[in-house]
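Breakdown of the fold
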Amino acid sequence: MNGIINLSTLLATMKPAIMPGDWVFCTVKGTLVDYVHLNPLATFVEAEGLTLLLSQTQADHNNIAYSGTFKQITLTVNSSLEAVGLTAAIATQLTEHNISANVVAAYYHDHIFIPIDKAQLALAAINTLSAEHK
């Protein structure tokens with residue numbers, strides 16, 4: 001199935017949902033093979049180390065340090081990886097509410113990681129943005 005490219009359609013139909021679980025971003029030394037048993041939700045290799053997106057439970061259980069806890073908001077619309085402006089529109093809306101966002105684009109959906117104490121406010125702000133485009 002092809003993803004949606006049209007920004008107005010994406011915004012009008014994105015149906016954000018808070019997903020279960022609490023998530024943390026961690027940086028570790030070594031390679032992914034050393035940590036794959038932790039079942040990270042996402043990974044990224046940077047010059048400074050390997051970033052793992054782990055459940056808070058996994059990080060705590062394995063004594064892996066992190067500095068914040070996040071909720072995952074998934075935009076349930078099937079967005080194209082070539083769509084232009086969706087991340088900018090979400091970031092602008094959240095900026096107006098002083099909410100930081102860490103966006104992970106996957107094949108079918110965009111996922112936004114919001115500080116846990118602002119997740120409900122972020123969901124409401126994104127829903128308002130969506131309603132403005134219907």
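For the structure itself, look to the data block above.
Report follows, based on the coordinates. Fair warning: this is a prediction, and the values are worked out from it, not measured in the lab.

Analysis parameters
Once a new chain begins, its residue numbering starts again from 1 and follows that chain's sequence as written. Given that this is a predicted model, residues contribute local features only at a pLDDT of at least 70 and side-chain atom pairs are listed and counted only at 80 or more, while totals for whole chains, interfaces and linings are drawn from all residues. Working from all heavy atoms in the structure, the side-chain values ignore hydrogens and water. For the purposes of this entry, the term helix denotes a DSSP run of H or I that reaches at least four residues, the term strand denotes a run of E that reaches at least two, and both are numbered from the N terminus. For each residue, the accessible area found with a 1.4 Å probe, counting protein chains only, is set against the maximum for its type, and the residue is called buried under 20%, exposed over 50%, and partly exposed in between. Here, nonpolar core means buried Ala, Val, Leu, Ile, Met, Phe, Trp, Tyr and Cys residues that are tied together by side-chain atoms lying within 4.5 Å of each other. Residues count as neighbours in contact if any of their non-hydrogen atoms are within 4.5 Å of one another.

Positive phi, close to 55 degrees, is recorded for Asn39, a residue that is not glycine. The residue Asn39 is located in the loop between strand E2 (23-28) and strand E3 (42-46) in this model. A residue is classified by how much of its surface remains accessible, and Asn39, at 64% relative accessible area, is exposed. Look at Asn63: it is not a glycine, yet its phi comes out positive at around 55 degrees. Examined against the element boundaries, Asn63 turns out to sit in the loop between helix H2 (56-61) and strand E5 (70-75). Owing to a relative accessible area of 72%, Asn63 belongs among the exposed residues under this scheme.

Let us look at the nonpolar core. Within the largest apolar cluster, 18 residues are counted, with the highest numbers of intra-cluster contacts made by Met14, Leu75, Ile90, Leu94 and Ile126. Those elements giving two or more residues to this core turn out to be helix H1 (7-13), E5, helix H3 (86-95), strand E7 (110-115) and helix H4 (119-131). At five residues, the largest contribution of residues to this core is made by H4. When sequence neighbours within four positions are dropped, the list of residues in contact with Met14 reads Leu75, Thr76, Val77, Leu86, Ile90, Ile126, Leu129 and Ser130. Counting 10 residues, the second largest nonpolar core, distinct from the first, contains Cys26, Leu52, Leu54 and Ala59.

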